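# Structural features, examined
Spelled out, the chains give:
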Amino acid sequence: MNGLLYRTKGDKVIWTIVIFLSLVSLLAVYSATGSLAYRERGGHTEYYLLKQLIVLGMGLVIIYFAHRVNYTIYSRVAQVGFLISIPLLVYTLAFGSHINDASRWIRLPIINLTFQTSDVAKLAIFMYVSRQLSRRQHVINDFKKGFLPIIIPVGIICVLIMPANMSTALLLMASCMLLCFIGRVPVRFLAGMVAAGALAIVLMFAIAKISGMEMRTKTWEKRLDSFMNDDHTEVPYQVQQANIAIAGGGVLGKGPGNSTQRNFLPHAYSDYIYATIIEEYGLMGAFLILAAYMLLLLRCIRIYKKCPYAFGAFLALGLSVTLVIQALTNMAVNVQLFPVTGLPLPLVSMGGSSVLFTSMAIGIILSVARNVEEMEGKQAEKERLERVMAANAENAAVA
C-alpha cells in the first residue's frame, strides 16, 4: 500500500476532489435508487450501490494507470482514437440500441453491456485538437493551414453525434471552440464556425421534416418550448418534481437518505441527481459540489500555466473545461436555468461508460500534472545544488 501511494503522483487537490465526488456519488446513488430497486430488483436496494461502487473502483484504477503514462503518448493515441470514433458513431446511428427515441449506445455482444460511443469520441477529439493546436501554433492565423485541420475533425464528430444527442454535440463544439480560442485561433474564424454550426442545425431540422423522421427533433422542440413558455401548466413533469425537491431542501437539507421526491423524480439517480442532493443536503451541499468542480478547473488552469509544453497544457485545460461545462450544464438543468439535456453529472451520476471515460480524462489530466510536478522537483533540486555549491565556494574563498 505504501508503495502504491508513493507511486501516486500528480495534483493532490485533484485526487481529493475525485475521492470527494466519488463518496458523494455513492451516497446519492444509494438514496436515489430506492424506487428503482423495488421496481427492477425486487427491493434489493444494495444492488445499485454495489454496482456504482464497482464502477467507481474501476474508474479509480483507470485514473491511476492513466496518470502513470507519460502524457506525450496520448498525442499518438489521439490520431487512432479519432479514426476509430468515426465508424463507431456511424455504426451507432445505424445499428445502436434505441432508448428514448435516440440511438446512442452500442451493446457489446459477449458481456452484454452498453456504452455510449460519444464518450469515446469526446475523449479522442479533445486529445486530437490539443495535438493539432500544439503542432500548428506557427500557422494558427492561416485559415487553410492552421484552422481547417483543427476544426474539420471537430465538425465531423459533432455532426455524427448530433442526430442522437444534440446536447452532447453542442457541448463538444462549445468546449472545442473555447480551447481553440485559448490556443490563439483568430476570433473571426470561430465566429464563422458558430454561423456554420447554426446553419447545420437548421438544415438537420429541415431534412428531418422532409424525410418524415421528426421524432427526435420533436423532442428537442418540445423541450425548448417548455423552457421558453411562461405558462407553468406546461412545465415538464421532471422539472416540476425537481423544483419541489430543491424547494424542500432549504439551506441544510433533509439529511442523507431522507429525500421524498426521489420516488417521483424521473432519473433521480442520473440526470436529476443534483436536485436529489439539494433536497438531502440543502444549499450548503449544492455549493460544495459546485465548488469542487470550480476548484478542479482552477487546478487545471494552474497546470496549464506551469506546463512548458503546448500539448500537455492544451490537453489538461481542454479536458477539464469539458468536464466542468458538462457539470455546470447538468446543474443548470436541475435548477431550471437550461432546458432538459440528458447530460449526467460527471463522477456523481449513476453510470457505466460515462464514469469510466470521465475517469480516463482525469487520469490524463493527472498525467500532465505528474510531469509538471517532476519537472518542478528537478528544478528545485538543481537550484538547491547551485545554492550549496555557491555557499561552499564562498566558504572556501573566506578560508
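Per chain, residue numbering runs from 1 following the sequence as it is written. Thresholds applied to this predicted model are a pLDDT of at least 70 for local features of residues and 80 or more for the giving and counting of side-chain atom pairs; totals over whole chains, interfaces and linings are not thresholded and use all residues. Each side-chain value is worked out from all heavy atoms of the structure, with water and hydrogens disregarded.

A few words now on the overall build of the chain. A helix here means a DSSP run of H or I that spans at least four residues, while a strand means a run of E at least two residues long, and both kinds are numbered starting from the N terminus. Helix and strand counts for the chain stand at 14 helices and 3 strands. Partly exposed residues are those whose accessible area sits between 20% and 50% of the maximum for their type, while under 20% is buried and over 50% is exposed, using a 1.4 Å probe and protein chains only. Counting all 399 residues of the chain, 49% fall into the buried class. Taking the contacts inside the chain whose residues are at least 6 apart along the sequence as the reference set, 72% of them involve residues at least 24 apart. Accessibility throughout is a Shrake-Rupley quantity obtained with a 1.4 Å probe, and a residue counts as covered only by protein chains that appear here. When the accessible surface of the chain is split by element, carbon and sulfur atoms take 67% of a total near 19800 Å². Contacts were defined at the residue level, with two residues in contact if any of their heavy atoms lie within 4.5 Å.

On to unusual backbone geometry, then. One can expect most non-glycine residues to show negative phi and most peptide bonds to be in trans. One non-glycine residue with positive phi stands out, namely arginine 184, at about 75 degrees. Positive phi outside glycine occurs at histidine 267, with the angle close to 55 degrees. Mapped onto the fold, histidine 267 is located in the loop between helix H11 (237-249) and helix H12 (273-306). Take histidine 267: its relative accessible area is 37%, and that puts it in the partly exposed class.

The contact between helix H2 (residues 12-32) and helix H4 (residues 46-68) brings their axes to 9 Å, and the two run at 165 degrees. In terms of axis orientation, H2 runs roughly antiparallel to H4. The hand of the H2/H4 crossing is right-handed. Where H2 approaches H4, its residues Trp15, Val18, Ile19, Ser22, Ser25, Leu26, Val29 and Tyr30 are matched on the opposing element by Glu46, Tyr48, Leu49, Gln52, Leu53, Leu56, Leu60, Ile63, Tyr64 and His67. Its residues placed into classes, the contact of H2 with H4 shows 13 nonpolar, 4 polar and 1 charged. Axis definition: a line fitted to C-alpha atoms, limited for helices to the stretch in contact. Angles are taken between N-to-C directions and run from 0 to 180 degrees. Between 65 and 115 degrees an angle is taken as roughly perpendicular, under 35 as roughly parallel, over 145 as roughly antiparallel, and anywhere else as oblique. Left-handed describes a crossing whose near helix is turned anticlockwise from the far helix by less than a right angle; the clockwise case is right-handed. Any residue that is not Ala, Val, Leu, Ile, Met, Phe, Trp, Tyr, Cys, Pro, Asp, Glu, Lys or Arg is counted as polar, Gly included; the first ten are nonpolar and the last four charged.

On to the side chain of serine 354, then. With respect to the element layout, serine 354 can be found in helix H14 (residues 353-398). We classify serine 354 as buried; its relative accessible area is 18%. In contact with serine 354, not counting residues within four places along its chain, are Asp119 and Pro344.

Before going further, it helps to spend a moment on the packing of aromatic side chains. Two aromatic rings from Phe, Tyr or Trp, using only the six-membered ring of Trp, form a pair when their centres are within 6.5 Å; if the ring planes differ by under 30 degrees the pair is stacked, by over 60 it is edge-to-face, and anything between is tilted. Applying the stated criterion across every chain yields a total of 8 aromatic pairs. A ring pair is formed by tyrosine 64 and phenylalanine 65, whose centres lie 5.4 Å apart and whose planes are at 80 degrees; its orientation type is edge-to-face. Looking at phenylalanine 65, the relative accessible area reads 54%, which means it is exposed. When the ring of phenylalanine 82 is compared with that of tyrosine 128, the centres are 4.8 Å apart and the planes differ by 25 degrees; the resulting orientation is stacked. One end of the pair, phenylalanine 82, is in helix H5 (residues 73-95); the other, tyrosine 128, is in helix H6 (residues 117-135), and 46 residues separate them in sequence.

Helix-helix packing: each pair is described by the crossing angle between the helix axes and the interaxial distance. The contact between helix H8 (residues 166-182) and helix H13 (residues 310-334) brings their axes to 10 Å, and the two run at 145 degrees. For the pair H8 and H13, the crossing hand works out as right-handed. Between H8 and H13, the contacting residues are Leu171, Ser175, Leu178, Leu179 and Ile182 on the first element and Phe314, Leu317, Gly318, Val321, Thr322, Ile325 and Gln326 on the second.

The subject of this paragraph is the side chain of serine 167. Along the polypeptide, serine 167 turns up in helix H8. Residue serine 167 is classed as buried on the basis of its relative accessible area, which comes to 15%. For serine 167, the side chain forms a polar contact with the side chain of asparagine 165, separated by 3.1 Å. A 3.5 Å cut-off defines polar contacts: any pair of N or O atoms within that distance qualifies, except that in protein one atom must be a possible hydrogen donor and the other a possible acceptor, and neighbouring residues in sequence count only when both atoms are side-chain atoms.

All right, on to the confidence of the model for the chain then. You can read pLDDT as the predictor saying how much it trusts each residue, on a scale of 0 to 100. On average, residues of the chain score 84 in pLDDT, and 86% of them are at 70 or above. Mean pLDDT across the secondary structure elements of the chain bottoms out at helix H1 (residues 2-7), with 56, and peaks at H12, with 94.

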